[in-house]
Amino acid sequence: MKFANRLDAIETSAIRELFKLLGKPGIISFAGGFPDPALFDVEGIREATAAVLANQPGAVLQYGATEGWQPLREGISAFMADKGSQVTPDGLIVTTGSQQALDLIGKTMISPGDKVIVEAPTFLATIQCFRLYGADIVGAPIDADGVKVDVLEQLIEQHKPKLVYLIPTFGNPSGATLSRERRLRILEIAARTQTLVVEDDPYGELYFGAPPPPSLLALSEQVPGSREWLAHCGSFSKILSPGLRVGWMIAPAQLLAKATMCKQFSDAHTSNLTQATAAHYLTLGRLHPTLDKVRAVYAHRAQTMAQCLKRDLGDAIEFNAPQGGMFFWARLTQGRNAADFAKRAIEKLVAFVPGAPFYAHDPDPSTLRLSFATADVAKIEEGIARLRQAL
Ligand SMILES: Cc1ncc(COP(=O)(O)O)c(C=O)c1O
C-alpha cells in the first residue's frame, strides 16, 4: 500500500519495541508510563458511573456536544480555580485524553516546515505527533530547574517558532520542574515575541512535599498579554484513571474554536459516559483523599528508588531526585550507553527506557528513564539490585 507522505518521517517508537519484551515472566518493569492501577479509586468511579446511568441514561449514552459535557466543563473550571487559574467553562474544551489536545494543537497550528521548540528531552508522543504535521522540531536544553530560559529565548529569536511546547511540572521524561522565576520569564517572552506556548500539565497534582510553583496558566495573570499566547493541556489520566480518556484544553478563543472544529472530524466528541462519570466523581469529595494517598505512595517509591540507585549503582549513575510525578531521569557515567545497558538489564529481568528516543535530535545516549509508579517498594529494591548486576 502507498501510505501518505506525512508518515515518511515517523517510525514506530523504540519504546513500543521494548514493551514487546516486557511480557517475560518475572520481569520487573520501570519502563512504563502508566499510573498504578492498585491506586485507582474503583469504588468512587463505580459510584459515579452508577449514578449517571441511573440519573441521565439517555443523555450519557447519546451523542453530545463537541466542546464537552457541560457539567464537566464546569467541574474542570472549578478544579482549575482551586489551582489558581480562572477559566470559564466555555474557555475550555474536553478532549479524549490530553493526547488529543496535543494532536488538535498540532492539527490547527503546524504546517509542514514550521519550527516548533520542545524541551530536550520531552514526551515522545508529542515529538511524533508534531512531526506527523510536518514540524521541524528544535530542542531546547534543560537542567534540574526545567528549560534553560536564556537559551530558549535565543532559540525563539532565531527560529521564530510556530509554538513552544513545555511540560513545566514533573516533566516526562525529565522529572524536572521549572522554577517560578523561569515561568514568569517564559510568559514575558511569549507576550513580547507573540509566540504560542503550550503548557502540558498531566503531573502537577502528583507532588511529594510542598506543591510545585503555580502553572504558567495561573501565573499568566501576573504577566500582561501572556494569556493570549498560552494554551494549557490538562488530564485526569494520572490522578483519576487514564481509561476514562478525559483531558482538556484551555486556549485563546480563536484557537479553541479551530480545535473544536477539528475535533468534530476526529471523534465528534469525547464519550459522554466517561465525561459524566468524571463530572459526578468531582462532586463526591473523593478526589482529594485519593490524591493524598497516591502522593504518599509515589513519594515513598521515589525515595526508595533514589536510595537504591545511590546504594547499588553509586558513581555509575547521576540523577536529580524528582519532587513529584512518576519518573527518574538519569545519566550513566563513564561513557556507558543506556541502550546497551537496557539489553543487559532485560536479560537480568529488569526493564527501563533508554533516553535517546525522547530527544527530537542529538540524543544523549547515556540517558535513561525509570518509572517508580507501578512497582512496589520491594520490587524497586530488587529491580535496582538487578540493574547493578547488569552494569
Ligand atoms: C507529558 C504527557 N502529556 C500527555 C500525556 C497523554 O495523557 P492522556 O492522553 O492520557 O491525558 C502523557 C501520558 O503519558 C504525558 O506523559
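Residues numbered from 1 in each chain as written. Predicted model: local features only at pLDDT ≥ 70, side-chain atom pairs only at ≥ 80, totals over all residues.

All right, on to the overall build of the protein chain then. Across its full length, the protein chain carries 14 helices and 14 strands. Taking 21 Å as the expected radius of gyration for a compact globule of 391 residues, we find that the protein chain reaches 21 Å, a close match to that expectation. Expressed as lengths along the three principal axes of its C-alpha atoms, the size of the protein chain is roughly 55 × 50 × 50 Å. By residue count, 51% of the 391 residues in the protein chain fall in the buried class. For the protein chain, the share of sequence-separated contacts (at least 6 apart) that also reach a separation of at least 24 residues comes to 75%. (Helix = DSSP H or I, 4+ residues; strand = E, 2+ residues; numbered from the N terminus. Rg over C-alpha atoms; globule rule 2.2 N^0.38 Å. Buried ≥ 20, exposed ≤ 12 C-beta atoms within 10 Å, placed from the backbone. Contact = placed C-beta atoms within 7 Å.)

Our next topic: the domain arrangement of the protein chain. Splitting the protein chain by domain gives domain 1 (5-41 + 288-390) and domain 2 (56-283). The C-alpha centroid of domain 2 is placed 25 Å from the C-alpha centroid of domain 1. Taken together, the 31 residues of domain 1 in the interface contact 30 residues of domain 2. In terms of residues, the side of domain 1 that touches domain 2 owes the most to one element, helix α12 (residues 287-313), which gives six residues. Residues belonging to the side of domain 1 that touches domain 2 are distributed by class as follows: 19 nonpolar, eight polar and four charged. (Domains from an automatic or database assignment. Nonpolar A, V, L, I, M, F, W, Y, C, P; charged D, E, K, R; others polar.)

Okay, the sheet that holds strand β4 (residues 136-143) next. Strand order in this open sheet of eight strands is β2-β9-β8-β7-β6-β3-β4-β5, and the pairing throughout is mixed. Strands at the two margins of the open sheet, each flanked by one partner only, are β2 (92-95) and β5 (146-147). Two elements, strand β3 (residues 115-120) and strand β6 (residues 163-166), share three bridges in a ladder whose sense is parallel. Looking across to β6, one finds that I117 is bridged to V164. (Pairing = 2+ DSSP bridges.)

The element β3 is largely enclosed, with a buried count of five among its six residues. In the sheet, β3 pairs with β4 via six bridges, with the strands oriented parallel. If you follow V118 over to β4, its bridge partner there is G139. A crossover connection joins β3 to the parallel β4 through helix α6 (residues 124-132); in handedness this β-α-β unit is right-handed. (Right-handed = clockwise from strand over helix to strand, strands pointing away.)

What follows concerns the site of the ligand. Neighbouring residues of the ligand: 13 residues in total, closest G97, S98, Q99, S235 and S237. Among the elements that take part in the shell around the ligand, helix α5 (residues 97-109) stands out by supplying three residues, more than any other. (Near = placed C-beta within 6 Å.)

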